[in-house]
Amino acid sequence: MENNTQKINYNKLMEDEIATFGGKKPKLLLQVCCAPCSSHVITLLKENFEITAYYYNPNIYPSEEFFKREVEIKKLISYIGLDESTLVVTEYNPDDFYEKIKGLEKEKEGGARCTVCFNLRMGAAAKYAKANGYDYFTTTLSISPHKNSALLNKIGYNLQEKYDIKYLPADFKKKEGYKHSIQLSKEYGLYRQDYCGCEFSLEQSRQEQMEKVNPQE
């Protein structure tokens, strides 16, 4: 599979997996990064799964941003009509992130540092899912047009083997998923951040904004 990851239709793999359920609703632990990305994913999956949103994001900077996104994901859960018990919020511990990415601070966004970050967050979800009797785990991250879905799914399958918990393959940006998340964010009045989450992505976002305002000659 690794030799052809770019050619795999992960959205179809997800649909094929769901087609085997026969009306049953397995328990899914969904690692969520923010409310806007989660809006489409939860709306898409809630008819076929008993979903628990797992908010574990030690990469987020600063702390105010972490808690702001927590408030927004709670707002989304309420708007969609799910019970508060369907959300697990972990303690904010940025040291988890900084210890893992030590030496990779100067990597460009989307590079090795991000791969480590994906492994950290998805790994925590897989471990929690296994320990708490879930049938599947997955992440909302593939909805972003800036995220490599092949890489995310490769990580997911590796974690499936490591923790002996089924990974739900996905590419949530497919079938205009990202566009739908923007529409739902406007409908629910959700805060949409302009950077992924860590201080390095924040700095890159600021630099890109400055370049747009003051383009180089």
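Residues numbered from 1 in each chain as written. Predicted model: local features only at pLDDT ≥ 70, side-chain atom pairs only at ≥ 80, totals over all residues. Heavy atoms only, no water.

Under the annotation held in an unreviewed UniProt entry, the chain carries the name Epoxyqueuosine reductase QueH and is attributed to Criibacterium bergeronii. UniProt annotates the chain under Sequence similarities (unreviewed entry) with the comment "Belongs to the QueH family." Comment text from UniProt for the chain, heading Catalytic activity (unreviewed entry), reads "epoxyqueuosine(34) in tRNA + AH2 = queuosine(34) in tRNA + A + H2O". (UniProt positions renumbered as here; feature names shortened; annotations may be inferred.)

Participant: Mind showing me how you'd approach the UniProt feature "binding site: [4Fe-4S] cluster" (unreviewed entry) in the chain here?
Facilitator: Here the UniProt feature "binding site: [4Fe-4S] cluster" (unreviewed entry) sits at Cys33, Cys34, Cys114 and Cys117. Lining the largest cavity, out of the annotated residues just given, are Cys114 and Cys117. Mapped onto the fold, Cys33 is located in the loop between strand E1 (27-31) and helix H2 (35-45). Assessed through its relative accessible area of 8%, Cys33 is described here as buried. Aside from chain neighbours lying at most four places away, what touches Cys33 is Ser38, Tyr55, Asn57, Ile60, Arg69, Arg121, Thr140 and Leu141. With respect to the helices and strands, Cys117 occurs in helix H5 (residues 112-131). Those residues within four positions of Cys117 in sequence are excluded, and the remaining contacts are Asn59 and Phe97. (1 Å grid on protein atoms, 1.4 Å probe; cavity = no way out; pocket = protein on both sides within 12 Å on 5 of 7 lines; lining within 4 Å. Helix = DSSP H or I, 4+ residues; strand = E, 2+ residues; numbered from the N terminus. Buried < 20%, exposed > 50% of the residue type's maximum accessible area, 1.4 Å probe, protein only. Contact = heavy atoms within 4.5 Å.)

Participant: Whenever I open this one, helix H6 (residues 149-163) confuses me. Can you help?
Facilitator: The periodicity of an α-helix, 3.6 residues per turn, causes residues three or four positions apart to be oriented the same way. For H6, spanning 15 residues, the distance from its first C-alpha to its last is 21 Å, which sits close to the expected 21 Å at 1.5 Å a residue. Those residues of H6 that fall on the buried side of the exposure criterion are Ser149, Ala150, Leu152, Asn153, Ile155, Gly156, Tyr157 and Leu159. Packing partners of the buried residues in H6 comprise helix H1 (10-18), H5, strand E4 (136-139) and strand E5 (166-167). Measuring from the backbone nitrogen of Ala150 back to the side-chain oxygen at the start of H6 gives 2.9 Å, which picks out Asn148 as the cap. The positive-phi residue at the C-terminal boundary of H6 is Asp164, with phi of around 55 degrees. (Expected span 1.5 Å × (residues − 1). Polar contact = N/O pair within 3.5 Å; in protein donor to acceptor, adjacent residues only side chain to side chain.)

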